[in-house]
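Below are the chains, spelled out letter by letter.
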Amino acid sequence: MSRVGKKPIIVPKEAEVKFDGETLSVKGPKGELRRLIHPKVRLDISDSQILLSISDNSKESRSLFGLFRSLIANMILGVTEGFEKTLEIIGVGYRVELSGTQLVLNLGYSDPIRYDIPKGIEVQLDQRNKVVLSGIDKEFLGITAAKIRGFRTPEPYKGKGVRYLKETVRRKAGKTGVAKT
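Residue positions are counted from 1 within each chain, in the order its sequence is given. Local features in a predicted model are, by the rule used here, given only for residues with pLDDT of at least 70; side-chain atom pairs are given and counted only at 80 or more, and totals for whole chains, interfaces and linings are based on all residues. Based on all heavy atoms of the structure, the side-chain values leave hydrogens and waters out of the count.

**Student:** So what's going on with the nonpolar core? Which residues, and what values?
**Tutor:** Membership of the largest hydrophobic core comes to 23 residues, with the highest contact counts inside it found for Leu24, Ile50, Leu52, Ile72 and Ile76. Runs of E in the DSSP output that reach at least two residues are strands. Runs of H or I that reach at least four are helices, and both are numbered from the N terminus. If you list the elements that add at least two residues to this core, you get strand S3 (23-27), strand S5 (41-45), strand S6 (49-54) and helix H2 (59-80). Of all the elements, H2 adds the most residues to this core, at nine residues. Each nonpolar core is a collection of buried residues, namely Ala, Val, Leu, Ile, Met, Phe, Trp, Tyr and Cys, held together in the definition by side-chain atoms within 4.5 Å. The rule is simple: take the accessible area with a 1.4 Å probe, protein chains only, and divide by the maximum for that residue type; under 20% is buried, over 50% is exposed, in between is partly exposed. Grouped together as the second largest cluster of nonpolar side chains are 18 residues, Phe83, Ile113, Val123 and Leu133 included.

**Student:** Explain the pairing of strand S2 (residues 16-19) to me, and be specific about the residues and the numbers.
**Tutor:** A pair of strands is considered paired only if DSSP assigns at least 2 bridges between the two. Alignment of S2 against S3, held across four bridges, turns out to be antiparallel. Looking across to S3, one finds that Glu16 is bridged to Lys27. Adjacent in sequence and paired antiparallel, S2 and S3 are bridged by three residues, among which Gly21 carries a positive phi angle near 110°.

**Student:** Break down the sheet that holds strand S10 (residues 113-116) for me, with residues and values.
**Tutor:** Strand order in the open sheet made by the three strands is S8-S9-S10, with antiparallel pairing throughout. The open sheet has two edge strands, strand S8 (95-99) and S10, and neither has a second partner. Taken over all neighbouring pairs, the strand axes of this sheet differ in orientation by 25° on average, direction set aside. One ladder, built from five bridges, connects S8 with strand S9 (residues 102-106); its direction is antiparallel. When the bridges of S9 are listed, Ser99 appears paired with Gln102. To obtain an axis, a line is fitted to C-alpha atoms, over the contacting stretch when the element is a helix, and the angle between two such axes runs from 0 to 180 degrees between their N-to-C directions.

**Student:** Go over the sheet that holds strand S1 (residues 9-10) with me, naming the residues and quoting the values.
**Tutor:** Taken in spatial order, the three strands line up as S1-S6-S5 in an open sheet, and their pairing is antiparallel. Bordering the open sheet on either side are S1 and S5, each of which pairs with just one other strand. Of the pairings in the sheet, the one linking S1 to S6 comprises two bridges and is antiparallel in character. Bridged to Ile9 within S6 is Ile50.

**Student:** If you had to explain the packing of aromatic side chains to someone new, which residues and values would you point to?
**Tutor:** Two rings from Phe, Tyr or Trp (for Trp, the six-membered ring) form a pair when their centres are within 6.5 Å of each other. A pair whose planes differ by under 30 degrees is stacked, one over 60 is edge-to-face, and the rest are tilted. One pass over the structure, following the stated rule, counts one aromatic pair. Centroid distance Tyr115 to Phe151: 5.7 Å. Interplanar angle 65°. Geometry classified as edge-to-face. Residue Tyr115 is found in strand S10, and its partner Phe151 is found in the loop between helix H3 (138-149) and strand S13 (161-164); the two are separated by 36 residues along the sequence. Among the residues examined, Tyr115 registers a relative accessible area of 11% and is labelled buried. Among the residues examined, Phe151 registers a relative accessible area of 22% and is labelled partly exposed. If you follow Arg152 out to its NZ or CZ, it ends over the ring of Tyr109, 4.2 Å from the centre. Any Lys NZ or Arg CZ that is within 6 Å of a ring centre and within 35 degrees of that ring's normal is treated as a charge sitting over the ring.

Next comes the structure, spelled out in structure tokens:
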């Protein structure tokens, strides 16, 4: 049994939870999220908490137990407080601009990259080199941040590229010029 799955999920007063047998919907001040719940996972919803249980003791059920507990807890946290990821753009001449609903990234390529910001994600620029992404769906926010990071991942020699805030990049030593005799 999962230790994570056994913990009850506390539902704050501003969040409203509904379960119709297969779909869980959570509504809060920031928005609404829905998720299909696997048939092997059972939910017991009371006024202020949600308890999860599993139908059988198979390996698949035990793994789904902790997974769905985390997913539901993230849904409740997302609609009440929201999530945020910050990306840094490091490199000479690398910069980012916001143009309507597009993010324009100059990352050393011959043409700038124009990325359409998906619905449900808000973008703020702190400086010319910091992008703050925020949204209520933690999974979708992480996918969006990873996609933007994938345009120019940090390289190990100079550390140039797009990285998460406080991400450490292992640096490599460059070539040592050995004189020929």
